[in-house]
Amino acid sequence: MRLTADGATPIPRSVLVEELETDEGHAFELTRPLFLATGDRIGFEGDGLVVVRSCGVRLTVDGDWSTRCRPSAGRG
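Please read all numbers here as calculations on a predicted model, not as lab measurements.

Caption draft 1: View of the overall build of the chain. Within the chain, the secondary structure is distributed over zero helices and seven strands. Residue pairs at least 24 apart in sequence account for 44% of intrachain contacts in the chain once pairs closer than 6 positions are excluded. Carbon and sulfur atoms form 48% of the exposed surface of the chain, whose accessible area is close to 5,300 Å². One way to put it: in the chain the 9 positive side-chain charges average out to a point 4 Å from where the 12 negative ones average out.

Structure, rendered in structure tokens:
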């Protein structure tokens, strides 16, 4: 499922996440799985992930960044 991590876009449905991968090939691997509820908003601040619950509660989520290897476009 594609999630927008801009801090403003609400999550469209509930989901359990273990990692979030960016379009640039990086991943934020959470220390432990996290349940995101419908209406929660997520965003990256500094080196971490912040979740703002639909009720306004703000959570800082622990995890680590990694780089994902992908085949280059046009190679084959």
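Having seen the structure, we can now continue with the description.
Caption draft 2: Representation of the packing of aromatic side chains. Under the criterion given, the structure shown has three aromatic pairs. Centroid distance Phe28 to Trp65: 5.3 Å. Interplanar angle 65°. Geometry classified as edge-to-face. Separated by 37 residues along the polypeptide, Phe28 in strand 3 (residues 26–36) and Trp65 in strand 7 (residues 63–67) bring together distant segments of the chain. Note on Phe44 and Trp65: the rings are 5.0 Å apart at their centroids and 50° apart in plane angle, and the pair reads as tilted. Of this pair, Phe44 sits in strand 4 (residues 41–45) while Trp65 sits in strand 7, and the two are 21 residues apart along the sequence. Judged by relative accessible area, Phe44 falls into the partly exposed class, the value being 29%. Of the residues examined, Trp65 reaches a relative accessible area of 35% and is grouped as partly exposed.

Caption draft 3: Molecular detail of the confidence of the model for the chain. When pLDDT is averaged along the chain, the result is 89; 91% of the residues meet or exceed 70. Mean pLDDT across the secondary structure elements of the chain bottoms out at strand 7, with 92, and peaks at strand 5 (residues 48–52), with 95.

Caption draft 4: Expanded view of the nonpolar core. Judged by nonpolar contacts, the single largest core of 13 residues is most densely connected at Leu3, Val17, Leu34, Leu36 and Ile42. Those residues in contact with Leu36, other than ones at most four positions away along the chain, are Leu3, Ile11, Arg13, Ser14, Val15, Val17, Ile42, Val51 and Arg53.

Caption draft 5: Highlighting the pairing of strand 6 (residues 58–61). As defined by bridge partners, strand 5 adjoins strand 6 across four bridges and the pair is classed as antiparallel. Across the sheet, Val50 pairs through a bridge with Thr60, a residue of strand 6. Between strand 5 and strand 6, which pair antiparallel and follow one another directly, the connecting turn spans five residues, one of which, Gly56, has a positive phi of 100°.

Reading the values: the criteria
- Residues numbered from 1 in each chain as written.
- Predicted model: local features only at pLDDT ≥ 70, side-chain atom pairs only at ≥ 80, totals over all residues.
- Heavy atoms only, no water.
- Helix = DSSP H or I, 4+ residues; strand = E, 2+ residues; numbered from the N terminus.
- Contact = heavy atoms within 4.5 Å.
- Areas by Shrake-Rupley, 256 points an atom, 1.4 Å probe, with all protein chains shown as cover.
- Lys, Arg positive; Asp, Glu negative; His and termini not counted.
- Charge placed at Lys NZ, Arg CZ, Asp CG, Glu CD.
- Phe/Tyr/Trp six-rings, centres within 6.5 Å; stacked < 30°, edge-to-face > 60°.
- Buried < 20%, exposed > 50% of the residue type's maximum accessible area, 1.4 Å probe, protein only.
- pLDDT = per-residue confidence, 0-100.
- Core = buried A, V, L, I, M, F, W, Y, C linked by side-chain atoms within 4.5 Å.
- Pairing = 2+ DSSP bridges.

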